[in-house]
Structures are given as structure tokens and as C-alpha cells.
Amino acid sequence: MSQSYGVQDDDTESIATVHAAIEAGCYFIDTADVYGDGGNEELVGRALAGRRDEVVLATKFGFKRDGVGGALPNVVDGSPEYARQAIDASLRRLGVDHVDLWYLHRRDPKVPIEESVGAMAEAVRAGKVRYLGLSEVNGDTVRAAHAVHPISAVQSEWSLWTRDPETVVLPTLRELGIGFVPFSPLGRGFLTGQIKSPADFGPDDMRKGLPRFTGENFQKNLDLVEKVRALAAAKGVAAGQLALAWLLAQGNDVAPIPGTKRRTYLAENLGAVDVELTAAELAELDAAFPPDAVSGDRYTAGGMDLVGR
């Protein structure tokens, strides 16, 4: 609602969307201190006023902007000093006395993961945080962090068109009993079938600069999505619902977090819960969207340097 896909300027609709999600039984709310430079935490805080106990609230720290501009944050700070500052600032913006799940948004290569997680564990002991998580890390980092303090969840991009976690980190998480939270489970909206041209993106939409959405890659990836649309049509569901149902079928340790700005798309996303896929249908989707089928990286070179650490 506050970053990357064009800024939401209708706070009333944003808050109504959060309320509608809670009322529909969707109680896992995810934000981060860097989204909208803190503005999203403030928005979530307003939406949860008087309803804090109805949700599991997650936020993140460690990602910052260099002040030069751009749609994406590009500086990482996982230092213990910054961790202590960040949790207090997040609690202030959210208007709560604790968060349920606190992630390190990206691993800082300048700081041993043991030090970052050690500082995060201090917040658990202080009652400011209940559980700890990591984002976009590799299996070795998970093991090292888990040895310092139990890691409850790892959040990374996972969808039909981003299959890396299946070989890179998911086996480690399942060995250790750690949950997986896929972000962008709809391929940044691409898997809904609603995006037809790069011209569909507004001037402040981060997707305009991502390799998968530009040049020849766009059309190649659009051809892949057409296969998903055809399978969804045959089943009588929306393409996005089929993509979410595929993720939900991967295991009870998987909790996708599809983002949306409006109640209309929220209702469509939640409908995926009722889509049951047979083994044959799952195989069809895997065949239509094999792990190496997508053209282009998820991020530019600088962004790719920040993942899988």
C-alpha cells in the first residue's frame, strides 16, 4: 500500500482493506519499517487501533535507502546498534508494545549473522518481540542464526515463476521445523493475467525497472502466464487464485502473503483457499511453469546481490 507499486493515496480504502481481511479470517499482517519510509507501519498501526489482539503482526528491519532515490531500498544495516533503534522505532510507528514476528529484512555482509540475531534476541527477552525471522537468506545463514536463537519463519519470494527456494532454502527449513512465508506469491501481479504490457505500469512502479518486466523478457514471460490462464479457465477460477492454490498445496508450513491495496482484489485472493488441486493439476502447473522457464532476474544486479546471503 505504501511502496513499489505506486503509492496508495487513499488511506480510507487501505484501512478498510485491512479490516476486511481480518473479518474474513486473514489475521497475519505483514509490514516493514522501510515500506514508505515508515509510513506503512503508521498506516498498519491506524488500521489495528483497538484490534491489536486479533492479528499476528510481523515487521522487518535492516533495509534502508541511501538517500539518492529510487523505488527500492538499497542499503543494509544488520548491526546490533541499529537493531535496537529499529525495534523501538517500529513499535512507536505501529502504536503497539510488541510485534509477534520480527524479521531481519536482508543479511548484512559486514555483520556476522550471529551478532544480528543476538541483538534481535535481546528484543525477545525484553518482551518487544515474540518470534524471530529472516528474509532472503540461504540455508547456511539459517543454520547459523538458528543456533543463536530459534528462527520461526523465513520470508523470501516464491511463486510459480520464482522457484529458487525449493532447492536453496526450503529443505533446510523443513529439516529445522521453520515456517516459510512466500512474498510476491502472484509474481508481483504478473500471474494474475491482468498485466498485458509494460505500459500498464505507472511512473512510480518499481516493476518498470526489473529485468523480468522489460524488453524481450516481458513477452516471453507473458507467454508463460497464458498457460496458467488457460489452466485456470478450464478449472473455472481466476489465474491468480490458481497460482495461490499451487503455493498453498506445497505444505502446511507455507503461509503466502499476497499484497493488495483494495478490497476487490483481497476477496479474489482469499478465494484461493477454496481451490483444491489434484495431483494431475499440480503436475500440469509444474510442466507449464518449470523452475528455469522464466526470463530475466528478479531484480537488477544490485538487488540480486542482496538475496541468497
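These notes cover the structure that comes with them. All of these numbers come straight from a predicted model, not from anything done at the bench.

The number of helices and strands found in the protein chain is 12 helices and eight strands. For a compact globule of 309 residues, the expected C-alpha radius of gyration is about 19 Å, and the protein chain comes in at 19 Å, within 12% of that figure. Each principal axis of the C-alpha atoms in the protein chain carries an extent, and together these give about 55 × 40 × 40 Å. In the protein chain, which comprises 309 residues, the share counted as buried stands at 52%. Residue pairs at least 24 apart in sequence account for 74% of intrachain contacts in the protein chain once pairs closer than 6 positions are excluded. Total accessible area on the protein chain stands at roughly 13,400 Å², and carbon and sulfur atoms take up 51% of it.

Here the focus is the packing of helix α4 (residues 113–125) against helix α5 (residues 139–148). The N-to-C vectors of α4 and α5 enclose an angle of 40°; their axes lie 9 Å apart at closest approach. Here α5 runs oblique to α4, going by the angle between their axes. Where α4 crosses over α5, the two elements pack in a sense that is right-handed. Where α4 abuts α5, its residues I113, E114, V117 and G118 lie against T141, A144, A145 and V148. Taken together, the residues of the contact of α4 with α5 break down into five nonpolar, two polar and one charged.

A word on the pairing of strand β8 (residues 179–183). In terms of burial, β8 is largely enclosed, as five of its five residues are buried. The alternating pattern of β8 places G179, V181 and F183 on one face and F180 and P182 on the opposite face, and all of these are buried. The sheet contact formed by strand β7 (residues 151–157) and β8 spans five bridges and is parallel. If you follow E157 over to β8, its bridge partner there is F183.

Next up on the list: the pairing of strand β5 (residues 99–104). Successive residues of a regular strand alternate their side chains across the two faces of the sheet. Burial within β5 is extensive, with six of its six residues counted as buried. As judged from the four bridges shared by strand β2 (residues 56–61) and β5, these two strands associate in the parallel manner. Bridging from a neighbouring strand, T59 pairs with W102 of β5. In terms of strand pairing, β5 meets strand β6 (residues 129–135) through five bridges, oriented parallel. Across the sheet, the residue bridging to L101 is Y131, located in β6.

About the criteria used
Residues numbered from 1 in each chain as written. Predicted model: local features only at pLDDT ≥ 70, side-chain atom pairs only at ≥ 80, totals over all residues. Heavy atoms only, no water. Helix = DSSP H or I, 4+ residues; strand = E, 2+ residues; numbered from the N terminus. Rg over C-alpha atoms; globule rule 2.2 N^0.38 Å. Buried < 20%, exposed > 50% of the residue type's maximum accessible area, 1.4 Å probe, protein only. Contact = heavy atoms within 4.5 Å. Areas by Shrake-Rupley, 256 points an atom, 1.4 Å probe, with all protein chains shown as cover. Axes fitted to C-alpha atoms, helices over the stretch in contact; angles between N-to-C directions. Parallel < 35°, antiparallel > 145°, perpendicular 65-115°, else oblique. Left-handed = near helix turned anticlockwise from the far one by under 90°. Nonpolar A, V, L, I, M, F, W, Y, C, P; charged D, E, K, R; others polar. Pairing = 2+ DSSP bridges.

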